[in-house]
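The residues making up each chain are set out below.
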Amino acid sequence: MIQEIKREMEAAKADMLEFERKLVQIESYTGKEEAASKLICAKMKELGYDEVVIDPYGSVLGRVGDGDTEILFDAHIDVVAAEDAEEWEHGPFSGDVEDGIVWGRGTVDTKSSAVAMVYAGYLMKKLNLLEGKKVYISTSVMEEDFDGELLDRVMTGNNLHPSFAVIGEPSNMKLALGHRGRAMYVIRTKGISAHGSAPETGENAVYKMAELITRVDKLNQKLSAQEGEKGSVALTRIESRSASLNAVPDGCAIYLDRRLALGEDEAKVAAEMDELVAGTDAQWEIYDAKGTSWTGKPVVLRTFLPAWEAKKDEPLAQAGIRAYREIMGRDPELFKWDFATNGFACAGRYHVPTIGLGPGDYVFAHQKNERCKVEDIENACMFYVGLVANL
Ligand SMILES: [Zn+2]
């Protein structure tokens, strides 16, 4: 079987690279993925997928096979900005290929995963590996600002109930078994405006916040002193409101990025936030991220996303390890991602056994000179095919 997968990959790899370059050349910023989604939709049809739809939010879902066991693959196709374009060695939307490396924004995060998955679906079908299986390839939109939310909508909107899921985020060809959770909180203080020349007649909302800021720092010290996998908290933005530069601010807000260790739930962090504001009149709430899809639909993410993990001895991880050995000729290195992924939907919300692997080194994600080895894309594609064969 492995020889057949390698032979078919050899036959398809030039087309796959061409497709990769075209996809990278599209500036598919979050909420602006229309051209990328349409390119993928057309490619899936050209490759003979059994069904291809663009969902109401603009994500593409392709299916091959119609057996009972559902397997879901997902990679996102939105990319972060490339504001330092002139500093890149190859333009961020060049899709240049040189010395076996493809350059551009999204080559790591995560267009190469999407490309490898699209071709993996094609190869599974061509090699008749879909007996009793139904494989969905989702190339979802808006992941960068809405972790998991759009994959959630792909799943619920298409009534998917997968037995297994695979997330394509860069793993430097290691096998990912989960990541920490992420929550965003806003804390607000209120003051009383006064003329800047007579501050003692008002109440400064920023001064009230100052005490809370020191408490946030202390909370992080407490979290980081814990044993094993730990949560963290960082103040990532502060805002204040004042009538003018000669007025005492009557409102202040801080935004907290709270990373969640496995098992840290909403109730636990709520108690922590209550303690943080204790003795003050400050208010806290979970932050709602808001945006609009390229299809014009509003998207809201209530940002409390628990951590998840896959167990090494469960069937999916075991199949992944076997497939990896077959394709790569060695055991995979197992690890957990540092960052958040769409795994929040399948693994976090719906408890679908989920693992991750994607081409490219994650150190290049969101960085200038983002680039990926072409060989990684081919190996990831073959790994996805091998994984389905092993399930
Ligand atoms: Zn990213």
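Residues numbered from 1 in each chain as written. Predicted model: local features only at pLDDT ≥ 70, side-chain atom pairs only at ≥ 80, totals over all residues. Heavy atoms only, no water.

1. Points about the overall build of the chain
So, step 1. Secondary structure summary: the chain contains 9 helices and 19 strands in total.
So, step 2. The C-alpha atoms of the chain give a radius of gyration of 23 Å, which matches the 21 Å a tight globule of 391 residues would have.
So, step 3. Projected onto the principal axes, the alpha-carbon positions of the chain cover approximately 80 × 45 × 35 Å.
So, step 4. Counting the 391 residues in the chain, one finds 55% classified as buried.
So, step 5. About 16,700 Å² of surface is accessible on the chain, with carbon and sulfur atoms providing 48% of the total.
So, step 6. The positive charge centre, built from 45 side chains, and the negative charge centre, built from 65, are 2 Å apart in the chain. (Helix = DSSP H or I, 4+ residues; strand = E, 2+ residues; numbered from the N terminus. Rg over C-alpha atoms; globule rule 2.2 N^0.38 Å. Buried < 20%, exposed > 50% of the residue type's maximum accessible area, 1.4 Å probe, protein only. Areas by Shrake-Rupley, 256 points an atom, 1.4 Å probe, with all protein chains shown as cover. Lys, Arg positive; Asp, Glu negative; His and termini not counted. Charge placed at Lys NZ, Arg CZ, Asp CG, Glu CD.)

2. Section: the packing of aromatic side chains
So, step 1. Under the criterion given, the structure shown has 12 aromatic pairs.
So, step 2. Ring centres 5.9 Å apart and planes at 85° place the aromatic pair Tyr29 and Phe93 in the edge-to-face group. One end of the pair, Tyr29, is in the loop between helix 1 (2-24) and helix 2 (34-46); the other, Phe93, is in the loop between strand 3 (69-76) and strand 4 (97-98), with 64 residues separating them in the sequence.
So, step 3. Taking the relative accessible area as the measure of exposure, Tyr29 reaches 23% and is therefore partly exposed.
So, step 4. Classification of Phe93 as buried rests on a relative accessible area of 17%.
So, step 5. Note on Phe383 and Tyr384: the rings are 6.0 Å apart at their centroids and 65° apart in plane angle, and the pair reads as edge-to-face. As far as burial versus exposure is concerned, Phe383 and Tyr384 are alike and both buried. (Phe/Tyr/Trp six-rings, centres within 6.5 Å; stacked < 30°, edge-to-face > 60°.)

3. Comments concerning the sheet that holds strand 4
So, step 1. With respect to topology, 3 strands assemble into an open sheet ordered 4-5-19, the strand pairing being antiparallel. Both outer strands of the open sheet, strand 4 and strand 19 (371-373), are each paired with one neighbouring strand and no more.
So, step 2. In terms of strand pairing, strand 5 (residues 101-103) meets strand 19 through 3 bridges, oriented antiparallel. Paired with Trp103 across the strands is Arg371, a residue of strand 19. (Pairing = 2+ DSSP bridges.)

4. Comments concerning the domain arrangement of the chain
So, step 1. What the domain assignment lists for the chain is domain 1 (2-179 + 307-390) and domain 2 (181-292).
So, step 2. Taken together, the connections running from domain 1 to domain 2 amount to 2 salt bridges.
So, step 3. Among the salt bridges present, the one from Glu229 reaches Lys336, with a minimum N-O distance of 2.9 Å.
So, step 4. At the surface where domain 1 touches domain 2, the tally comes to 2 residue pairs in polar contact (both at pLDDT 80 or more).
So, step 5. A per-class count over the side of domain 1 that touches domain 2 returns 6 nonpolar, 2 polar and 4 charged. (Domains from an automatic or database assignment. Salt bridge = Lys/Arg side-chain N within 4 Å of Asp/Glu carboxyl O. Polar contact = N/O pair within 3.5 Å; in protein donor to acceptor, adjacent residues only side chain to side chain. Nonpolar A, V, L, I, M, F, W, Y, C, P; charged D, E, K, R; others polar.)

5. Observations concerning the environment of Ile187
So, step 1. Here Ile187 shows up in strand 9 (residues 181-190).
So, step 2. Looking at Ile187, the relative accessible area reads 0%, which means it is buried.
So, step 3. Taking C-alpha positions, Ile187 is 9.7 Å from Ile238, a pair spaced 51 residues apart along the chain.
So, step 4. Not counting residues within four places of it along the chain, the set of residues in contact with Ile187 comprises Met209, Leu212, Cys252, Ala253, Ile254, Leu256, Met273, Leu276, Val277, Ala282, Gln283 and Trp284. (Contact = heavy atoms within 4.5 Å.)

6. Things to note about the nonpolar core
So, step 1. Grouped together as the largest cluster of nonpolar side chains are 93 residues, with contacts concentrated most on Phe73, Val118, Tyr119, Val135, Ile355, Tyr384 and Leu387.
So, step 2. Per-element tally for this core: the top contributor is helix 9 (residues 374-390), with 10 residues.
So, step 3. Beyond its immediate sequence surroundings of up to four residues, Leu387 is in contact with Phe73, Val166, Leu316, Ala319, Gly320, Ala323 and Ile355.
So, step 4. Among the nonpolar cores identified, the runner-up in size contains 21 residues, and Leu219, Val233, Ile254 and Phe304 belong to it. (Core = buried A, V, L, I, M, F, W, Y, C linked by side-chain atoms within 4.5 Å.)

7. As for the pattern of salt bridges
So, step 1. Applying the stated rule across the entire model yields 29 salt bridges.
So, step 2. Residue Arg7 pairs with Glu8 through a salt bridge whose shortest N-O separation is 3.4 Å.
So, step 3. The closest approach of N and O atoms between Asp257 and Arg259, which form a salt bridge, is 2.9 Å.
So, step 4. Of the residues examined, Asp257 reaches a relative accessible area of 14% and is grouped as buried.
So, step 5. Residue class for Arg259 comes out partly exposed when judged on its relative accessible area of 22%.
So, step 6. Residues participating in the shared-partner salt-bridge network are Glu149, Asp152, Arg153 and Arg349.

8. Let's talk about the coordination of the zinc ion
So, step 1. Every protein donor of the zinc ion is accounted for by Asp109 (OD), Glu144 (OE), Glu144 (OE) and His366 (NE2), and the metal-donor separations fall at 1.8 to 2.5 Å.
So, step 2. Relative to the metal, the 4 donor atoms surrounding the zinc ion lie at angles of 55 to 147°, and the coordination shape comes out irregular.
So, step 3. Counting along the primary sequence, the residues that act as donors to the zinc ion give the motif D-x34-E-x221-H. One end of the pair, Asp109, is in the loop between strand 5 and helix 3 (111-126); the other, Glu144, is in the loop between strand 6 (133-140) and helix 4 (149-157), with 35 residues separating them in the sequence. Take Asp109 and Glu144: they sit in the same class, and that class is buried. (Donors = N, O, S within 2.8 Å, 3.2 Å for Na, K, Ca; no water. Tetrahedral: all angles 85-135°; square planar, octahedral: opposite > 155°, others 65-115°.)

9. Some words on the pairing of strand 8 (residues 175-179)
So, step 1. With 5 of 5 residues buried, strand 8 is to be regarded as a mostly interior element.
So, step 2. Bridge analysis of strand 8 against strand 17 (residues 334-337) gives 3 bridges, and the strand direction is parallel. The residue of strand 17 that forms the bridge with His179 is Trp337.
So, step 3. As judged from the 2 bridges shared by strand 8 and strand 16 (residues 308-309), these two strands associate in the antiparallel manner. Bridging from a neighbouring strand, His179 pairs with Trp308 of strand 16.

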